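Structural description and commentary
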Amino acid sequence: MPIAVLVSGGGSNLQSIIDRIEAGMLDAEIKVVVSNRGDSFGLTRARNHNIPTRVLLHTDFDSRETFDEEMVRAIRQSGVNETGAVVMAGFMRIVTPVFLEPFRGRVVNIHPALLPSFPGVRGQGDAADYGVKISGCTVHFVDEQMDHGAVIMQAAVPCQPGEGGDALAARILKLEHRILPQALQWLAEGRLELRGRFVHLKPASR
Ligand code: GRF
């Protein structure tokens, strides 16, 4: 399955995808890594593995839509077609219908909380501050609303009282690195069936 991976920061989720592909456990090929920040370490990780990169600075565009148009162009040019997928792996931008329409049902995001609790950029800190006993991470299809689309997979971690957002974030991140490649493998196998808000996992073919 041809995929494009979108990053904004450290790219450890990108690394987990690369590692799983190289281990022969994820049937995907990363055609391009796109970042909206030139200093994203995710770009270095991609270059270390000879994966093509593109930097598209959102500040160079006068609207979300024109930025999204350029992302669509870059992703298509890389060879990601309707059999492929787009993975938001720590990509800190809201996308518009201009972006979603060409890839509808094939855009996946990882969020570091158990949605619908704690959407937004401070998912781990908000969960820690709230004092919840369990948090975790969510892989979901992307729709027009932030951190909202149909849930593919979740994993949970117990929270320690007063441990703070950073410690919780580190433990959640380890789980992100497990469930994102797993969800992508299901997508590659054609096992994910989206019916409204519900994602059904079809049995593996033998
Ligand atoms: C992850 O926790 C991701 O869920 C969140 O930002 C963090 C990015 O991590 N949106 P990385 O860039 O993949 O290391």
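Residues numbered from 1 in each chain as written. Predicted model: local features only at pLDDT ≥ 70, side-chain atom pairs only at ≥ 80, totals over all residues.

The seven strands are arranged β3-β2-β1-β4-β5-β6-β7 in an open sheet whose pairing can be described as mixed. Edge positions in the open sheet fall to β3 (53-55) and β7 (151-158), since each of these has one partner strand only. On average, each strand axis in the sheet is inclined to that of its neighbour by 20 degrees, with strand direction left out of account. Helix α3 (residues 64-78) contacts β1 (2-7), β2 (29-35), β3 and β4 (85-88) of the sheet and is inclined by roughly 155 degrees relative to β2. Sheet strands in contact with helix α6 (residues 165-188) are β4, β5 (107-111), β6 (134-141) and β7, and its direction is about 30 degrees off that of β6. (Pairing = 2+ DSSP bridges. Helix = DSSP H or I, 4+ residues; strand = E, 2+ residues; numbered from the N terminus. Axes fitted to C-alpha atoms, helices over the stretch in contact; angles between N-to-C directions. Contact = placed C-beta atoms within 7 Å.)

As a further point, take the site of the ligand. In the vicinity of the ligand there are 14 residues, among which Gly9, Gly10, Ser12, Asn13 and Gly90 approach most closely. Where the shell around the ligand is concerned, the elements lending two or more residues are α1 (12-22), β5 and α6. Of the residues assigned to the shell around the ligand, the class counts are five nonpolar, eight polar and one charged. (Near = placed C-beta within 6 Å. Nonpolar A, V, L, I, M, F, W, Y, C, P; charged D, E, K, R; others polar.)

This part takes up the UniProt feature "active site" (unreviewed entry) in the protein. In the numbering adopted here, UniProt assigns the feature "active site" (unreviewed entry) to His111. Inspection of the secondary structure puts His111 in strand β5. Sequence-distant contacts of His111, that is, excluding residues within four places in its chain, are made with Gly123, Cys137, Thr138, His140 and Asp147. (UniProt positions renumbered as here; feature names shortened; annotations may be inferred.)

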